[in-house]
Amino acid sequence: MSTKPKLLAQPGKIGTMQLKNRLVIPAMCTNYTFQGHFTDRAVYYYGLRAKGGAGLIIIEASAIDYPIGRSVLNCAVSDDGFIPTLRKLTDEVHKYDTKIALQIMHSGRQTSVAICGSQPVSCSPAASAQVLYDEPRALTLYECKEMVKKFGEGARRAKEGGFDAVELHYAHGYLMSAFLSPTLNTRTDEYGGLEGGLKLACEVVEEVKRRCGSDYPVLVRINGDDYYPAGGVTHIDSRMISVALEKAGVDCINISSGLRESDHNLHDQTMASPRGSWVYMAEGIKKTVDIPVMVAKRISEDMVERILQEGRTDFVCIGRPHITDPEYGNKLLDGRADEILPCIWCAQGCFDVLWMLAPTTCLVNPAAGRTDESPIDALQRAPEKKKVAVVGAGPAGCKAALVAARRGHEVTLYEREKRLGGAYRLATPSPSKAEVERLFDYFERALPKAGVQMKLGVEFTPDMAGSGKTDAVILAVGASPLLPEKIPGTSGANVVTAEDVMAGKAAVGDRVAIWTCSFHCRYTCKPRVKPVEGDPTGVNSSFSYACRAGYGAVDTAEYLASQGKLVSIVTEREGVVPGMGYTSRGYLIKRFYRANIRVCDNVKVKEINDRGMVLEKAGHDFLLDADTVVVSVGARSSRKEIQDALEGKVKEVYAVGDCDKVGNAMSSIASAYDVAMRI
């Protein structure tokens, strides 16, 4: 049992807006929209999280100029026709004494013709370094002044839609952020450079206050630091910007950071980044302004109260953990932090899927965003109680066991190893995957509490389920690493699997070659392209995911590089883990560069020998010398033998996770959840 946070539970105030506590859910895009309108899915999603205890929810970026101002499937405030669906959302959130603000924005240069329907616009014709985006044109002076009016009109619509406040999005390289950058803003008119950009930013604030009333609360989300190698806003500049915005009438400063081009480790949005890494900027800005300050970025439950006690911020923004557990706020405020279904900051279901233009979800909580989602502790009871055996305690087995038990079944979990986790827990030695441990720490507490009988260190046999002992068996036995037998040398003494390396079962030399993303692997990374229903620009979603072999390879690479080893990765495809999401893969490649992990793609592996690997590229054979060759090119389901042996002994037999279809932790947990909800 945790201690109840006293300061977090205290009421707060932003301008004229009274909040019941100091816990804030910051804006996070979800793609739960249709032609700019929030859907019933969005209403239910946000209502459930309002019920979860937060004092304020800031709703995701709403385009003031739709669709040109969007970067994903954003909602919109560009027309009065959007007001009714905004009102439907605010009415739902207000049922739970939670205040709600709408973040309004223009994506600027960080979009594409396919998404916004025309050439993107920005302060200057400076293209983003990211391949997702097209080169923008510079707004004319007239268009800049019209943009000020559009922000004001958007805020007016938000107020009429029932929002208690608006948040102006001036961060992350979007339009207003670019105007504030002395590097990106190369204009020579009155809105040029940092000074001109700040003039425009303040005019927007003043216009919003003019349209909505001086007492209508206005928050602004700014970059505490651009973390931009070429320059941009620093944590020093952001103090001055905050002072100017306060003078213009802003009621609260929300600290964020980073541009798409940033390769700074404090901007990494995965679990590889340090916890609470933006708090220092909030602390500095709080010393310069008299209005409240809030901050986000991987702030864990044990940090929240201390940050408030030390006076480093006034409100704490907790984002992705609310996706994972809609009851996050109530549990934290009640002193039940150990019951929170933990976010592991993997970015796979939220950030990665977002940029695929698909509805976001969650690796740990696959029900997130569904209209039948319930907190894990309040699942609908099954119509008939059954005896369920779950075989295998990896992520799929643990999820299946917990969900089945919470639905009222009598569940026994069998695991031949002496601890939970399976292959996924093997990732935790990697410096970028340590948070995975939190998931299994949670399962170790939650499973016995839910009534699951834990049989660790026990090899399941079909006889254990026969003769009416069990009504249903869920097989979650995973998959075995694949070694391509047709390639000479794969059985050599210097060849090991990624799983054996991460389990500490294999000795590894100083020079390591890792073979992954091979044509010997089933192509799970292939994107599935699908038109977005009713979209005004006819854009397509493009969903893909990397398989366990790809993740295993890169986790092993970072682990070995952290030990000072020279790590090389060879792939037969056009890139390493090409199906990994935009956010995760982008930060991975940046970390590879800093760790001197080099990747060579489009190669053919011809042979492994005692000197290393013989490769072919561009018509030439050559040697990549290595003390150790790590193979991670695919996996083979482990279920067939046990499934055949269960035939005729148990009425219901299900396979989930990798033993059903080789994928990754997110697909495994999703399949386990779906099966456990059907029994």
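Preceding block: the structure.
Residues numbered from 1 in each chain as written. Predicted model: local features only at pLDDT ≥ 70, side-chain atom pairs only at ≥ 80, totals over all residues. Heavy atoms only, no water.

On to the sheet that holds strand β16 (residues 387-391). The 5 strands are arranged β18-β17-β16-β19-β32 in an open sheet whose pairing can be described as parallel. Two strands close off the open sheet at either side, each with one partner strand: β18 (453-456) and β32 (652-655). With strand direction ignored, the average angle separating the axes of adjacent strands in the sheet is 15°. (Pairing = 2+ DSSP bridges. Helix = DSSP H or I, 4+ residues; strand = E, 2+ residues; numbered from the N terminus. Axes fitted to C-alpha atoms, helices over the stretch in contact; angles between N-to-C directions.)

What follows concerns the packing of helix α18 (residues 548-561) against helix α19 (residues 582-594). In a packed pair of helices, the relevant descriptors are the angle between the two axes and the axis-to-axis distance. The geometry of α18 relative to α19 is characterised by a closest axis approach of 11 Å and an angle of 30° between their N-to-C directions. Comparing the axis directions of α18 and α19 gives the class roughly parallel. The two elements α18 and α19 cross, and the hand of that crossing is left-handed. Along its contact with α18, which presents V554, A557 and E558, the element α19 presents L588, R591 and F592. Looking at the contact of α18 with α19, its residues break down into 4 nonpolar, no polar and 2 charged. (Parallel < 35°, antiparallel > 145°, perpendicular 65-115°, else oblique. Left-handed = near helix turned anticlockwise from the far one by under 90°. Contact = heavy atoms within 4.5 Å. Nonpolar A, V, L, I, M, F, W, Y, C, P; charged D, E, K, R; others polar.)

Summarising the element assignment, V473 is placed in strand β19 (residues 472-475). The spacing of V473 and C600 is 127 residues in sequence and 44 Å in space, taken between C-alpha atoms. For V473, the contacting residues outside a window of four places in its chain are A389, V391, A465, L646, V650, E652, V653 and Y654.

Tallied over the entire structure, the rule returns 0 disulfides. Here C343 stays free of any disulfide, with the sulfur of C362 as its closest cysteine sulfur at 6.4 Å. Overall, the relative accessible area of 8% leaves C343 in the buried class. This cysteine, C346, is not joined by any disulfide, and C350 carries the nearest cysteine sulfur, 6.1 Å off. Since its relative accessible area comes to 13%, C346 is described here as buried. (Disulfide = S-S within 2.5 Å. Buried < 20%, exposed > 50% of the residue type's maximum accessible area, 1.4 Å probe, protein only.)

A few words on the packing of aromatic side chains. Across all of its chains, the model carries 10 aromatic pairs by this definition. Look at W355 and Y582: their rings are 5.7 Å apart centre to centre, the planes differ by 70°, and that puts the pair in the edge-to-face class. In this pair, W355 is assigned in helix α13 (residues 348-355) and Y582 in helix α19, connecting sequence segments 227 residues apart. The class of W355 is buried, set by a relative accessible area of 15%. Site record: aromatic cluster; members linked through ring pairs are Y32, F38, Y45 and Y46. Over the face of the ring belonging to F315 we find R22, whose NZ or CZ atom lies 5.4 Å from the ring centre. Across the ring face of W345, the terminal group of R298 is positioned such that the distance to the ring centre comes to 4.7 Å. (Phe/Tyr/Trp six-rings, centres within 6.5 Å; stacked < 30°, edge-to-face > 60°. Lys NZ or Arg CZ within 6 Å of the ring centre and 35° of its normal.)

What follows covers the pattern of salt bridges. Using the criterion set out here, one finds 52 salt bridges in the structure. In this structure, D40 and K88 form a salt bridge, with 2.7 Å as the shortest nitrogen-oxygen distance. You can see D40 sitting in helix α2 (residues 40-51) and its partner K88 sitting in helix α3 (residues 83-94), a full 48 residues away along the chain. For R211, the salt bridge goes to E153, with nearest N and O atoms at 1.8 Å. (Salt bridge = Lys/Arg side-chain N within 4 Å of Asp/Glu carboxyl O.)

A separate point is the sheet that holds strand β29 (residues 620-625). Pairing is antiparallel across the open sheet formed by 3 strands, whose spatial order is β27-β28-β29. The open sheet has two edge strands, β27 (604-609) and β29, and neither has a second partner. Looking at each pair of strands side by side, their axes are set apart by 25° on average, direction ignored. Judged from the 5 bridges that link them, β27 and strand β28 (residues 612-617) form a sheet pairing that is antiparallel. Bridge pairing links I608 to M613 in β28.

Let us now look at the environment of H106. When you line up the elements, H106 lands in the loop between β8 (99-105) and α4 (113-116). A relative accessible area of 1% places H106 in the buried class. It is 6.5 Å that separates the C-alpha atoms of H106 and R70, two residues lying 36 residues apart in sequence. Sequence-distant contacts of H106, defined by excluding residues within four places in its chain, comprise I64, D65, I68, G69, V121, M147, F151, Y174 and L175.

What follows deals with the nonpolar core. It is characteristic of soluble globular proteins that their nonpolar side chains tend to be buried jointly. L168, Y170 and L245 are the most contacted members of the largest nonpolar core, which totals 148 residues. Looking at this core element by element, the count peaks at 9 residues for helix α7 (residues 193-212). Counting residues in each nonpolar core, the second largest holds 28 residues, with C517, V567, V576 and L588 among its members. (Core = buried A, V, L, I, M, F, W, Y, C linked by side-chain atoms within 4.5 Å.)

Where α13 meets α19, the closest approach of the two axes is 6 Å, and the angle between their N-to-C directions is 100°. With respect to their mutual orientation, α13 and α19 come out roughly perpendicular. Every residue of α19 that contacts α13 at Q348, F351, D352 and W355 is listed here: Y582, T583 and S584. Classifying every residue of the contact of α13 with α19 gives 3 nonpolar, 3 polar and 1 charged.

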